[in-house]
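# Structural overview for review
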Amino acid sequence: MTITISKDFSYRKEEFGGLFYNFNTRQLLLAKSKITVKVMDLVATSPLSKAEILSDQALDDFTPQSIEATLDQLMAKGILTDQDTSVECPPNKETSQ
Amino acid sequence: MNGELRDQMRRGLASPICLTWEITYGCNLSCVHCLSSSGKRRPDELTTAESKTLIDRFREMSIFYVNIGGGEPMIRRDFFEIIEYATTNRVGVKFSTNGSRIDKDGARRLAAMDYLDVQISIDGHDRESNDAIRGDGAFEMAIRALSNLKEAGFDTPKISVVATRDSVEHLDGLDAIAKEYGAQLRITRLRPSGRGVDSYSYLNPTSNQQHRLYQWLSGRSDVLTGDSFFHLSPLGEPLDGLNMCGAGRVVCLIDPVGDVYACPFTIDDNFKAGNIRDRDFEEIWQGSPLFQSFRETEGPTSCTNCSAFAACNGGCMATKYFTGLSLDDPDPDCAKGLGANSKDLQSNTALITISRRPQRLELSHQR
């Protein structure tokens, strides 16, 4: 499974963490936990498999269990999805961050 | 919105959450409260190519959505080209219109798009009250647009109402219109900007009306407000939203020729941060000394010791400025009764005297 941001959400990094925007509800959500922000920063750059995320050096500070739990949470909220039901991220999406 | 997040917002974000982009000042109406004094088009409006380049920048900066307005944005021949370019690049669009150009074909085209909100402006519950503000025939064209959108299956358009001395007496009637057309009601604060400078004294709701408006809004989370009534939050539970002035911190305005202002209500040289034809938009947003000064400000000096400061953060900067007040003064409609309009809460008339020559902005007062 390749994980990416759902077409219903946009995400960007901020100094204090990250911001999600839900295009369906028009609501802004805050990402504050370090692990959530790290995972989102990775996935926002390009779609990745779960194995690629788990092995990425950017997440070395976190246990595989906590990374998987974070991925599960983000999937449950509809923020992340498998690529079959998502749109591609714009190529330059995170370059300004 | 918790205090910690609001503090982060006060210090400014890497990019705006959203911004207002007025793509033309051309308009077929001449509303008495128009923020931008719209009517004639500027000959040097951003071209289609410049508009698309700007949208590319919005996408690169991860700006979540843009509020497109004017003027009447749909009079631009490239209107659909612009909004379709934005939404296909996942830059959400909310656009405000008087509805005159939403015919059946246009409604179907809009209904087929994702990431799009349409806001039809109505300023009265019936033809007489609406057209007194927006001009003859305006009510009928707005209702026709709503009807066309409903027929086309557009999902939940918004009816955008400016709170005036008349409209706040008919909120239930306006809500009924919204429900009839499957729309959502949106009520925003009247600002004394543009032609609003001339109409503010007789349109701005009285203090008593503003208190009743707060009560009415408090029970209706389904009614949108554009976070514009935060000056009333000290009256009780805060209304939904940031409850602070986001000018130059989380929002800004880009006008038809690319000038960048702090917010949609501050179209004045004292609030201009730059022009996107001269300088990259992200550089303006992040590096403008004007915007930096806002981000370093805790709040109006006459408000920071107030027990209600955490609720309203001193109110609306534009409303102060265009009523001739210092930015360090309380909001003229301060809910604690400290503003120029609200000192006599029983008064049925606004007490403020409009200054046609707003004072120069003293940046040192912002710190």
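Residues numbered from 1 in each chain as written. Chains lettered and ligands numbered in written order. Predicted model: local features only at pLDDT ≥ 70, side-chain atom pairs only at ≥ 80, totals over all residues. Heavy atoms only, no water.

### Quick look at the overall build of chain B
Scanning chain B from terminus to terminus reveals 13 helices and 9 strands. Against the globule reference of 21 Å for 367 residues, chain B gives a C-alpha radius of gyration of 19 Å, in line with a compact fold. Referenced to the eigenvectors of the C-alpha coordinate spread, the extents of chain B come out at roughly 55 × 45 × 40 Å. Within chain B, the fraction of its 367 residues that count as buried is 62%. Considering only contacts in chain B between residues 6 or more positions apart, those separated by 24 or more positions represent 70%. About 14,200 Å² of surface is accessible on chain B, with carbon and sulfur atoms providing 46% of the total. Computed over 42 positive and 50 negative side-chain charges, the inter-centroid distance for chain B is 2 Å. (Helix = DSSP H or I, 4+ residues; strand = E, 2+ residues; numbered from the N terminus. Rg over C-alpha atoms; globule rule 2.2 N^0.38 Å. Buried < 20%, exposed > 50% of the residue type's maximum accessible area, 1.4 Å probe, protein only. Contact = heavy atoms within 4.5 Å. Areas by Shrake-Rupley, 256 points an atom, 1.4 Å probe, with all protein chains shown as cover. Lys, Arg positive; Asp, Glu negative; His and termini not counted. Charge placed at Lys NZ, Arg CZ, Asp CG, Glu CD.)

### Structural notes on the nonpolar core
Most often, soluble globular proteins have nonpolar side chains that are buried together. Trp21(B), Phe58(B), Ile83(B), Phe95(B), Leu110(B), Ile187(B) and Phe281(B) are the most contacted members of the largest nonpolar core, which has 81 residues in total. By residue number, the principal contributor to this core is helix 6 (residues 138–152) of chain B, which donates 6 residues. Dropping the residues within four chain positions of it, Phe281(B) is found in contact with Pro16(B), Leu19(B), Leu54(B), Arg57(B), Phe58(B), Met61(B), Ile63(B), Cys252(B), Ile254(B), Val260(B) and Ile276(B). In terms of nonpolar packing, the next biggest core, distinct from the first, is built from 21 residues, Val39(A), Val43(A), Leu48(A) and Leu59(A) among them. (Core = buried A, V, L, I, M, F, W, Y, C linked by side-chain atoms within 4.5 Å.)

### Looking at the sheet that holds strand 5 (residues 158–163) of chain B
All names here are of chain B. With respect to topology, 9 strands assemble into an open sheet ordered 6-5-4-3-2-1-7-8-9, the strand pairing being mixed. Edge positions in the sheet fall to strand 6 (184–189) and strand 9 (272–275), since each of these pairs with one other strand and no more. Bridge count between strand 8 (residues 259–261) and strand 9: 3 bridges; the pairing is antiparallel. The residue bridging Asp259 from the neighbouring strand is Asn275, located in strand 9. Packing of helix 2 (residues 48–60) onto the sheet brings it into contact with strand 1 (18–22), strand 2 (65–69) and strand 7 (253–254), and relative to strand 1 it is tilted by some 175°. (Pairing = 2+ DSSP bridges. Axes fitted to C-alpha atoms, helices over the stretch in contact; angles between N-to-C directions.)

### Quick word on the interface of chain B and chain A
Facing 24 residues of chain B, the contacting portion of chain A comprises 24 residues. Linking chain B to chain A there are 1 salt bridge. In this structure, Arg26(A) engages Asp117(B) in a salt bridge whose closest nitrogen and oxygen atoms are separated by 2.7 Å. Here chain B and chain A share 10 residue pairs in polar contact (both at pLDDT 80 or more) between them. Among the elements of the structure, helix 1 (3–10), helix 2, strand 3 (92–97) and strand 4 (116–121) of chain B are those that each provide at least two residues to the side of chain B that touches chain A. Classifying every residue of the side of chain B that touches chain A gives 12 nonpolar, 5 polar and 7 charged. (Salt bridge = Lys/Arg side-chain N within 4 Å of Asp/Glu carboxyl O. Polar contact = N/O pair within 3.5 Å; in protein donor to acceptor, adjacent residues only side chain to side chain. Nonpolar A, V, L, I, M, F, W, Y, C, P; charged D, E, K, R; others polar.)

### Description of the confidence of the model for chain B
All names here are of chain B. Averaged over every residue, the pLDDT of chain B is 91; the share at 70 or more is 92%. The low-confidence segment residues 344–367 (pLDDT under 50) makes 62 contacts with residues lying over four places distant or belonging to another chain. The ipTM for the predicted assembly is 0.82, set against a pTM of 0.89. (pLDDT = per-residue confidence, 0-100.)

### Let's talk about the pattern of salt bridges
Residues and elements named next belong to chain B. Scanning the entire structure with this criterion turns up 32 salt bridges over all chains. A salt bridge links Asp7 to Arg10, with the shortest nitrogen-to-oxygen separation between them at 2.9 Å. Residue Asp7 and its partner Arg10 are both found in helix 1; the two are separated by 3 residues, about one turn of the helix. Here Arg10 falls in the buried class, since its relative accessible area comes to 10%.

### What about the pairing of strand 4 (residues 27–31) of chain A?
Residues and elements named next belong to chain A. Where strand 3 (residues 17–22) lies against strand 4, 5 bridges are found, and the strand directions are antiparallel. Residue pairing for strand 4: Leu19 is matched across the bridge by Leu30. Linking strand 3 to strand 4, which pair antiparallel, is a turn of 4 residues; within it Arg26 sits at a positive phi near 60°.

### What about the state of the cysteines?
Residue and element names in this part refer to chain B. Evaluation of the coordinates by the stated rule reveals 0 disulfides over all chains. As a non-bridged cysteine, Cys31 has Cys27 as the owner of its nearest cysteine sulfur, 6.1 Å distant. Just so you know, Cys334 is unpaired, no disulfide at all, and the nearest cysteine sulfur is the one on Cys306, 6.2 Å from it. (Disulfide = S-S within 2.5 Å.)

### Topic: the side chain of Asp117(B)
Tracing the sequence through the fold places Asp117(B) in strand 4. A polar side-chain atom of Asp117(B) sits 2.7 Å from a polar atom in the side chain of Arg26(A). Sequence-distant contacts of Asp117(B), defined by excluding residues within four places in its chain, comprise Arg26(A), Val93(B), Lys94(B), Phe95(B), Phe154(B) and Lys158(B).

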